[in-house]
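What the coordinates show
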Amino acid sequence: MRNGESPTLPGNISSGLPGSVPAEARQQQTELTIRVHVCTADALPPGVIRRLARSAKCEVITHQGMEGLLASLTGAQSLGAPPPVTTHLPAGGTETNGRVAAAASQAPGETWTTANCAVLTTEVLAGEASSSAPSSCEGRVRDLIQRWFTPVVIVPRGADGDRGAMAAMRAGARDFIDLDTSEDSALEVLRGLVRGAVEDWLQRKDKREASDQIASLTPRERQVMLHLSAGLDTKEVAAQLHLAVKTVENHRAKLLGKLDARSQIEMARIAWVAGETCEIESDPQRLRTAARVRQQLMGSS
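Source: prediction; values computed, not measured.

Looking at the pairing of strand β2 (residues 59-63)
Within β2, five of the five residues are buried, leaving the element largely enclosed by the surrounding structure. A two-sided burial pattern is seen for β2, the buried positions comprising Glu59, Ile61 and His63 on one face and Val60 and Thr62 on the other. Bridge analysis of strand β1 (residues 33-39) against β2 gives five bridges, and the strand direction is parallel. Note on β2: the bridge partner recorded for Cys39 is His63.

What follows is the structure, given as structure tokens:
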């Protein structure tokens, strides 16, 4: 997304979290659907679920355990997993045995129209392996976050509930909700979960778009871009890469056009968002030596 554009955040979330969604998020044109997956109907009080759907403008889908959640994330109902019990829609209605999140034609978890997050009890995470509940909680939460890009809030349950919750937090769970937490406090935790899901989605979307832009570059253009993004000027880049200064200037002009960037710092931002970096020689004395060697080589050719 280019700086300076001013489209608005999707209507289904822009008004639900006043003042809490990042400014960058409010500048997205893509229609984003937020889904909060709740494993087991009794994980949260019904009043909290209804209020969350209304206030955060999101769909809250209740599942019959972990299998239903994973099937919803992948769209793989053919695996025989149980369908959702109830889907609470932002407008306040419900769909019993309702629709499931559609599978995206992306890598697992890469859903570019949906931001998912989950509320899980430690009992659901542990499954049948009650004797190793903490390790099961930790592993499943890590898998949800890293593979399915799904932020998690934990509800401690059972004999090993507290230990399981701590293990889940170590794995990256964002927060937890105790059974005696008030409805208002639980709702605030869940709103934070929704905000986190939107922010994570935006970061992945920006990275994908930046990577797509960089994929159009030639190897030499990419090399020049990385050196310019590291803060070197054209003369320093020329010395590093043993190129003529004019050649680097030409590459820089082409890069700005290909990346739709209006300045070198905007070009650098695209590289940084995509996670592109390089090791450069930054010592001034060595840069001058490299430039002198380059001039000597050019003069003797």
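Things to note about the confidence of the model for the protein chain
In the predicted model, the protein chain carries a mean pLDDT of 75, and the fraction of residues at 70 or more is 68%. Ranking the helices and strands of the protein chain by mean pLDDT puts helix α10 (residues 245-258) first, with 96, and helix α1 (residues 11-14) last, with 39. Throughout residues 1-29 the model reports pLDDT below 50, and contacts reaching past four residues in sequence, or to other chains, amount to 61 contacts. Residue range residues 92-110 is modelled with pLDDT below 50. Its contacts to residues more than four positions away, or to other chains, number 42 contacts.

Digging into the pattern of salt bridges
For the coordinates displayed, the defined rule picks out 14 salt bridges. The salt bridge partner of Arg51 is Glu183, with a shortest N-O separation of 3.1 Å. Taken as a pair, Arg51 in helix α2 (residues 46-55) and Glu183 in helix α7 (residues 183-214) lie far apart in primary sequence, 132 residues in all. With a closest N to O distance of 3.0 Å, Asp184 and Arg51 form a salt bridge. You can see Asp184 sitting in helix α7 and its partner Arg51 sitting in helix α2, a full 133 residues away along the chain. Of the residues examined, Arg51 reaches a relative accessible area of 26% and is grouped as partly exposed. Through salt bridges with shared partners, a single network forms among Arg51, Glu183 and Asp184.

Quick notes on helix α9 (residues 234-241)
Burial of α9 is extensive: six of the eight residues sit out of reach of the surface. Of all the residues in α9, the buried ones are Thr234, Val237, Ala238, Ala239, Gln240 and Leu241. Between the side-chain oxygen at the start of α9 and the backbone nitrogen of Lys235 there is a gap of 3.1 Å, and the oxygen is on Asp233. The positive-phi residue at the C-terminal boundary of α9 is His242, with phi of around 60°.

Analysis parameters
Residues numbered from 1 in each chain as written. Predicted model: local features only at pLDDT ≥ 70, side-chain atom pairs only at ≥ 80, totals over all residues. Heavy atoms only, no water. Buried < 20%, exposed > 50% of the residue type's maximum accessible area, 1.4 Å probe, protein only. Helix = DSSP H or I, 4+ residues; strand = E, 2+ residues; numbered from the N terminus. Pairing = 2+ DSSP bridges. pLDDT = per-residue confidence, 0-100. Contact = heavy atoms within 4.5 Å. Salt bridge = Lys/Arg side-chain N within 4 Å of Asp/Glu carboxyl O. Polar contact = N/O pair within 3.5 Å; in protein donor to acceptor, adjacent residues only side chain to side chain.

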